[in-house]
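Architecture and fold: a report
Given next are the chains, with one letter for each unit.
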Amino acid sequence: MAKEGARGGTMGFPALEPRGRRDHVAGGNAVRESVVILGIETSCDETAAAIVSNEGTVLSSVISSQASLHAKYGGVVPEVASRHHLELVVPVVRESLSEAETSLDDIDAVAVTQGPGLVGALLVGLSVAKAIAWSRGLPLVPVDHLQGHVASLYLEPDPVEPPFLCLLASGGHTLLLAVRARSRSERLGTTLDDAAGEAFDKGARLLGLGYPGGAALERLARGGDPDAFRFPVARLSGLDFSFSGLKTALLYTLRDLGEEEVGRRKADLAASYQTAIVSALVGRARAASKQTGLEKIAVVGGVAANATLRAELPEARFAPLELCTDNAAMIASAARYVERLPAPGYLGIDAYASVT
Ligand SMILES: Nc1ncnc2c1ncn2[C@@H]1O[C@H](COP(=O)(O)OP(=O)(O)OP(=O)(O)O)[C@@H](O)[C@H]1O
Ligand SMILES: [Mg+2]
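Residue positions are given per chain, counting from 1 as you read along its sequence in written order. For this description, chains carry letters from A and ligands carry numbers from 1, given in the order in which they are written. This being a predicted model, a pLDDT of at least 70 is required before a residue's local features are given, and a value of 80 or more before pairs of side-chain atoms are given or counted; all residues contribute to the totals for chains, interfaces and linings.

1. Quick look at the sheet that holds strand β10 (residues 317–318)
- Strand pairing follows a simple DSSP-based rule, namely that at least 2 bridges must link the two strands. Secondary structure elements are defined from DSSP: runs of H or I of at least 4 residues count as helices, runs of E of at least 2 residues count as strands, and each element is numbered from the N terminus. The strand order β8-β7-β6-β9-β10 describes an open sheet built from five strands, whose pairing is mixed. Here the strands that pair on one side only, and so sit at the sheet edges, are β8 (184–190) and β10.
- The pairing of strand β6 (residues 164–169) with strand β7 (residues 174–181) spans six bridges and is antiparallel. Counted as the bridge partner of leucine 165 is alanine 178 from β7.

2. Notes on the sheet that holds strand β3 (residues 58–65)
- Taken in spatial order, the five strands of this open sheet run β3-β2-β1-β4-β5, and their pairing is mixed. Each edge of the sheet is formed by a strand with only one pairing partner; in this case those strands are β3 and β5 (140–144). Looking at each pair of strands side by side, their axes are set apart by 20° on average, direction ignored.
- Direction of pairing for strand β1 (residues 36–41) relative to strand β2 (residues 46–53): antiparallel, over a ladder of six bridges. Bridge pairing links leucine 38 to isoleucine 51 in β2. Lines fitted to C-alpha atoms define the axes, with helix axes restricted to the stretch in contact, and inter-axis angles between N-to-C directions lie between 0 and 180 degrees.

3. Some words on the nonpolar core
- Here, a nonpolar core denotes buried Ala, Val, Leu, Ile, Met, Phe, Trp, Tyr and Cys residues that are linked to one another through C-beta atoms within 7 Å. Partly exposed residues are those whose C-beta has more than 12 but fewer than 20 other C-beta atoms within 10 Å; with 20 or more the residue is buried, with 12 or fewer it is exposed, and the C-beta atoms are placed from the backbone. In terms of nonpolar packing, the biggest core is built from 110 residues, with Val110, Ala111, Ile277 and Val299 touching the most fellow members.
- At eleven residues, helix α9 (residues 266–292) tops the list of elements feeding residues into this core.
- Split by domain, the residues of this core number at least three in each of domain 1 (36–155 + 325–348) and domain 2 (164–319).
- With near-sequence residues (within four places) excluded, isoleucine 277 lies in contact with Ala196, Ala199, Phe200, Phe243 and Leu246. Those domain boundaries reflect an automatic or database domain assignment. This entry defines residue contacts through backbone-placed C-beta atoms, with two residues in contact when those atoms are within 7 Å.

4. Considerations on the pairing of β5
- The element β5 is extensively covered by neighbouring structure, given that four of its five residues are classed as buried.
- For a crossover, the right-handed case is the one in which the path from the first strand over the helix to the second runs clockwise, viewed with the strands pointing away from the viewer. Remark: the strand β4 (residues 109–115)/helix α3 (residues 119–136)/β5 crossover connection has right-handed handedness.

5. Observations concerning the pairing of β1
- For β1, the tally of buried residues reaches six of six residues, placing the bulk of the element in the interior.
- Neither face of β1 is open: one carries Val36, Leu38 and Ile40, the other Ile37, Gly39 and Glu41, and all of them are buried.
- Between β1 and β2, which pair antiparallel and follow one another directly, the connecting turn spans four residues.

In structure tokens form, the structure reads like this:
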């Protein structure tokens, strides 16, 4: 399959020069043609590192999730997340190198999530990335986390080629993007309040399923009737989303039903609530596809793991399951289409919390 822009330099940036070294992928003694990128991701509650070749082969992807640590608080506690990133980031980077049977000697660039996310958490990854790049004389590649989610589609063995209409549905964002090239996308719509993943999490919390709740709500919904309750799908003009009314509708339904009935009908409630979120996503994605003429639809982000969404959008391409929620392989993948910063300029770059 053609890999537009997969090699250094095709997006107008200077090509990274590969160092002569053994080819770990093939396990042989051939000198590798490709350059290798170390990716680091610490924007929320996953500490992740990955080694990815410039052709988009994932040589390793290590994710240490702190989700269970935050569960008792019902959501991510920023200060707790930062402290755990501090403890985990070096072992996770070491593990990614070891799993790829490589060492820092083989790395050609260090990619890191710059934002959006929790600033304290981002700063841990950014500081480690700067330190590694500086000490090894490597370029640093600051990556936007959302571009990272989109770039999860560009990894081998079955990359998706632009142009396509991208639905990005994650814990903090719900975006519709017109992706014209691997390095270029235009925002068509966003959520006006909660993100789709947040709607899953809040619904799960109301149903007593704990945090993070998307996957748990999906599991519960499997045994339920999706038509049992009618939850509202916000009708907005244009291509924006709104999920906050849905969460309130669930809250009122639970109050009206009472504890005993809720206990009896939990699966129906989960299935109906999930259906409302999925139909909003599917409806808007198809409308955007029609409006832009971008026939190919692709879906990324944590909610892309949802089986009902996958079933309701059979014509779409979905990010591989292991790359839907946060990971560093997608960050290293995106770095292939982002300007590489030489030392010492990158030492001054800062993290950013939200999309500008
Ligand atoms: N099977 C599933 N069905 C529905 N939602 C899911 C599923 N699996 C994960 N999610 C949701 O995906 C979200 C996590 O996705 P992701 O890691 O992409 O978000 P994030 O990184 O926290 O946010 P952002 O990428 O916007 O900064 C959570 O809200 C979680 O509940
Ligand atoms: Mg994310």
